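# Tertiary structure, described
Single-letter residue listing:
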Amino acid sequence: MSNRFDRRSFMRISGSGVLAAGLAGPLTACGGSESGSSGSNELVWWDYLVEEARQPGMKALIADIEKQVGVKITRRTFPFAELEPAIIKGAASGDLPDIAIVDNTSMNSFVPQGLLTDLTDRVKKWGQSKAYYEGPWNSGVIDGKTYSVPNNSNCLCLYYNTEMLEAAGVEPPKTWDELAEAAKKLTKGDTFGFAMSAIKTEEGVFQFEPFLWSTGGDLDTFGTDGAKALGFLKELVDAGSMSKQSVGWTQQDANTQFVSGRAAMQINGPWQLPALQEQTKVKWGVVPIPVDKEPASCLGGENWVILKTSGKADQCWEAIVRSQEKTVLAKYLDGLGLLPARSDMADAGKWATDPTLKVFVQEFANARPRSYGPNYPQMSQAMAEALQASLTGSSSPQAAARKAASAITPKLKK
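Since this is a predicted model, take the numbers as computed values, not measurements. (Residues numbered from 1 in each chain as written. Predicted model: local features only at pLDDT ≥ 70, side-chain atom pairs only at ≥ 80, totals over all residues. Heavy atoms only, no water.)

## Thoughts on the overall build of the protein chain
Applied cut-off: Note on conventions: DSSP H or I runs of at least 4 residues are helices, E runs of at least 2 residues are strands, and numbering of each starts at the N terminus. The size measure is the radius of gyration over C-alpha atoms, and the globule rule it meets is 2.2 Å times the number of residues to the 0.38 power. The contact criterion used is simple: two residues touch if any of their non-hydrogen atoms lie within 4.5 Å. Methods summary: accessible areas were calculated by the Shrake-Rupley approach with a probe of 1.4 Å, and residue burial reflects only the protein chains presented. The convention is simple: Lys and Arg are positive, Asp and Glu are negative, and His and the chain ends are not counted. The atoms used to mark charge sites are NZ of Lys, CZ of Arg, CG of Asp and CD of Glu.
Within the protein chain, the secondary structure is distributed over 17 helices and 13 strands. Here the protein chain has a C-alpha radius of gyration of 21 Å; the compact-globule value for 414 residues is 22 Å, and the two agree. Judged by the C-alpha coordinates and their principal axes, the protein chain covers about 65 × 50 × 40 Å. Look at the contacts in the protein chain between residues 6 or more apart in sequence, and 77% of them connect residues 24 or more apart. With an accessible surface of roughly 16,200 Å², the protein chain has 50% of that area assigned to carbon and sulfur atoms. In the protein chain, which carries 43 positive and 46 negative side-chain charges, the distance between the mean positions of the two groups comes to 2 Å.

What follows is the structure in C-alpha cells.
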C-alpha cells in the first residue's frame, strides 16, 4: 500500500531512497551463498532496510556481530512489500534465511504457519524482556510464547501548528472534547483544524485504531466502541473541522496538508520528521494523541526473528543478544534514524535530547501492537470499510460498526 514502507520502517532519513525492486537483490556482507547457510559459522540474514543512507549503519552492526559472535553473515535485502511474501514462498521452496528483521505485523502470519523458532526459553534465561516497552515486546508474544525480539519501534502522535494555535488562543488538546473544540476554532478559510489518513487500507486503519482503543474497547467490542470512535471522527467531518477528502489521504498526504498550512493539526508518525525539519514555513510541536478514556497509540516497527528451519538458532540468538547490548544498539539506532523499543534506553541516544523524539519515545508506553492472529488482514479491511462508510456518510457510524463487527468477530475466534 502507499507509503507502507515509510511508516513501518520509521523515520526515513532525508535524501535517501528505496532501492528499486530490480536492484534489491542479495547484498553480501562477507560472501557466502544467497539462500540458506551452508558453512557451520555462516548465517543468512534478510531484511527490508534498504535505504542507501542506512547501509553504513547496517554494515557496522553486521561487522560487530561477525567479530563478537564469530560468524559470517550473508545479507539479502528486499523492498518492504516483498519480504513477507518471500519468506512465505521460501517455506515451500526451502529458500529461507537463518535470521531476519521483519515488520511486527508479520508475526500474525509467520507464527501460525510455524515458520519461526520459539524463543521463550532463551528469553527467560536472558532475562531482558522487562527492559522493553510492553507494546513492542508483546508484538512477538503469541499464545504465551515469545517468537521475536524488537529491533526498533515507532508510533503515532499529534502534530500541531504552534503559530495557528497561538493565534486562536488554543492549547494543544489532551482529550477528545478538547480536540473537537480546538479543531473547530482552528478551521478557517481553506485550513482545516485536523487531518489524518482515513484511506481504505491498513494505513488508514493504523491511524484509526488509537481512537478505538482510547474508548477502552478493542476489536471484540467493535460494534459499540468502534461506533463511538467512528462517530467522533464523523462529528469532526460534519463540523467542517476535518476534510471529507481524508478518506483518500495517505499519511504522507496528511503531512502535506499540514506542511502547506491547510491543516492546523494532524495525526502522524516520526517518519515525517525529516521533511518537517527541512521546511521553514510551519512551526510545529508534538503531543500525545488526545484521549477519550485511555491513552493509546498504534505500534509500528521491526522485530528480530529466527527461522525454524535454520538449524543455527544458537548462533542467531547470540547475534540478536549482541545487537541488543545498549552501546551497540544505541549506535545502530542513531545510525539508521530509528528509536529504541527498550524503555531502559530512553536516555541513551539522540532521542534523549531531542524534545520531539522524546514525546514519541514516551508514547511507546501507550502504543499497542496489532497482534490479532492470521486473520488480521480481513479484520483490518472490515475496519477500513467502516471508516470509509462513516466519513463519507454512506452509512451511519453505528450501522458501519455493526457490519464491521459481524465480519471481525468470527475471525477473532479462529
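## A closer look at unusual backbone geometry
Filter applied, for reference: Only protein chains enter the accessibility calculation, which uses a 1.4 Å probe. A residue is then buried if its area is under 20% of the maximum for its type, exposed if over 50%, and partly exposed in between.
One non-glycine residue with positive phi stands out, namely Asp 143, at about 55°. Among the structural elements, Asp 143 can be located in the loop between β5 (141-142) and β6 (145-146). Note on Asp 143: relative accessible area 78%, which makes it exposed.

## Quick look at the pairing of strand β8 (residues 157-161)
The following threshold applies: Two strands pair under a simple rule: DSSP has to find at least two bridges between them.
Within β8, 5 of the 5 residues are buried, which leaves it mostly tucked inside the rest of the structure. In this sheet, strand β9 (residues 265-268) lies alongside β8 in antiparallel orientation, the contact comprising 4 bridges. Residue pairing for β9: Tyr 160 is matched across the bridge by Met 265. As paired elements, β8 and strand β10 (residues 284-287) share 4 bridges and run antiparallel to each other. Along β10, the bridge assignment pairs Tyr 160 with Gly 285.

## Considerations on helix α3 (residues 80-93)
What counts here: Here the expected span of a helix is defined as 1.5 Å times the quantity of residues minus one.
Between its terminal C-alpha atoms α3 stretches 21 Å, which fits the 20 Å expected from 14 residues at 1.5 Å a residue. Immediately downstream of α3, the backbone of Gly 94 shows phi near 90°, a positive value.

## Observations regarding the pairing of strand β7 (residues 149-154)
Side-chain positions along a regular strand alternate between the two faces of the sheet. Extensive coverage of β7 is indicated by the burial of 6 of its 6 residues. Bridging between β7 and strand β12 (residues 300-306) involves 5 bridges; their strand directions are antiparallel. Paired with Asn 152 across the two strands is Glu 302, which belongs to β12.

## So, the environment of Leu 116
With respect to the secondary-structure elements, Leu 116 resides in the loop between α4 (107-110) and α5 (120-126). Filtering out sequence-adjacent residues up to four positions away, Leu 116 remains in contact with Met 107, Phe 110, Val 111, Tyr 147, Val 305, Ile 306, Leu 307 and Lys 308.

## Re the packing of aromatic side chains
How we decide: Each Phe, Tyr or Trp ring, with Trp reduced to its six-membered ring, pairs with another whose centre is within 6.5 Å; inter-plane angles below 30 degrees give stacked pairs, above 60 give edge-to-face pairs, and intermediate values give tilted ones.
Inspection of the entire model under this criterion finds 16 aromatic pairs. When the centroid spacing of 6.3 Å and the interplanar angle of 50° are considered together, the rings of Phe 206 and Trp 271 count as tilted. Placement of Phe 206 in helix α9 (residues 202-214) and of Trp 271 in the loop between β9 and α12 (273-278) is noted, with a sequence separation of 65 residues between them.

## Remarks on the nonpolar core
Across soluble globular proteins, nonpolar side chains show a tendency to be buried alongside one another. The line we're drawing: What we call a nonpolar core is a set of buried Ala, Val, Leu, Ile, Met, Phe, Trp, Tyr and Cys residues that are connected through their side-chain atoms within 4.5 Å.
Residues Trp 45, Ile 87, Leu 116 and Tyr 332 are the most contacted members of the largest nonpolar core, which totals 74 residues. Top element by residues in this core is helix α14 (residues 326-336). It accounts for 6 residues. Ranked by size, the runner-up nonpolar core spans 53 residues in total, among them Leu 179, Trp 213, Leu 219 and Ala 405.

## Section: the pattern of salt bridges
Filter applied, for reference: We define a salt bridge as a side-chain nitrogen of Lys or Arg found within 4 Å of a carboxyl oxygen belonging to Asp or Glu.
The tally for this structure, following the rule as stated, stands at 13 salt bridges. A salt bridge links Glu 163 to Lys 283, with the nearest nitrogen and oxygen atoms 3.8 Å apart. In this pair, Glu 163 sits in helix α7 (residues 162-167) while Lys 283 sits in the loop between α12 and β10, placing the two residues 120 residues apart along the sequence. Glu 294 is the partner of Arg 368 in a salt bridge, and the nearest nitrogen-oxygen pair spans 2.9 Å. Taken together, the positions of Arg 368 in strand β13 (residues 367-368) and Glu 294 in the loop between β10 and β11 (297-298) put the pair 74 residues apart, joining distant regions of the chain. Here Arg 368 falls in the partly exposed class, since its relative accessible area comes to 24%.

## Details of the sheet that holds β10
Working definition: the strands of a sheet are paired by backbone hydrogen bonds and lie parallel or antiparallel to each other. So the rule is basically this: To get an axis, fit a line to the C-alpha atoms, keeping to the stretch in contact for a helix; angles then go from 0 to 180 degrees between the N-to-C directions.
Within the open sheet, the 3 strands sit side by side as β9-β8-β10. Their pairing is antiparallel. The open sheet has two edge strands with one neighbour each: β9 and β10. Neighbour to neighbour, the strand axes of the sheet diverge by 25° on average, direction disregarded.

## Digging into the environment of Thr 146
Relative to the helices and strands, Thr 146 is located in strand β6. Taking relative accessible area as the criterion, Thr 146 reaches 8% and is therefore assigned buried. In this structure the C-alpha to C-alpha distance between Thr 146 and Leu 116, which are 30 residues apart in sequence, comes to 9.9 Å.

## Comments concerning the packing of helix α10 (residues 222-238) against helix α17 (residues 397-412)
To keep it simple, the criterion reads: By the definition adopted for this analysis, an angle is roughly parallel if under 35 degrees, roughly antiparallel if over 145, roughly perpendicular if from 65 to 115, and oblique otherwise. In this scheme the handedness of a crossing depends on how the near helix is turned from the far one: anticlockwise by less than a right angle means left-handed, clockwise means right-handed. Only Asp, Glu, Lys and Arg are considered charged in this grouping, and only Ala, Val, Leu, Ile, Met, Phe, Trp, Tyr, Cys and Pro are considered nonpolar; every other residue, Gly among them, is considered polar.
One way to put it is that α10 packs onto α17 with a least axis distance of 8 Å and a crossing angle of 140°. Judged by the inter-axis angle, α10 sits oblique to α17. Between α10 and α17 lies a crossing whose hand is right-handed. Of the residues in α17, those in contact with Phe 222, Gly 223, Gly 226, Ala 227, Leu 230, Gly 231 and Lys 234 of α10 are Pro 397, Gln 398, Ala 400, Ala 401, Ala 404, Ala 405 and Ile 408. Each residue belonging to the contact of α10 with α17 can be placed in one class, and the counts come to 9 nonpolar, 4 polar and 1 charged.

## With respect to the confidence of the model for the protein chain
The condition is simple: The pLDDT score gives, residue by residue, the confidence of the prediction method on a 0 to 100 scale.
Taken over all residues, the pLDDT of the protein chain has a mean of 89, while the share at 70 or more is 90%. Taken together, the stretch residues 1-35 has pLDDT below 50 and engages in 120 contacts with residues farther than four places along the chain or on a different chain.

## Concerning the state of the cysteines
Applicable threshold: Counting rule for disulfides: a pair of cysteine sulfur atoms within 2.5 Å.
Following the criterion strictly, the structure yields 0 disulfides and no others. Left without a disulfide partner, Cys 155 is nearest to the cysteine sulfur of Cys 157, which lies 4.8 Å away. A relative accessible area of 0% means that Cys 155 is categorised as buried.

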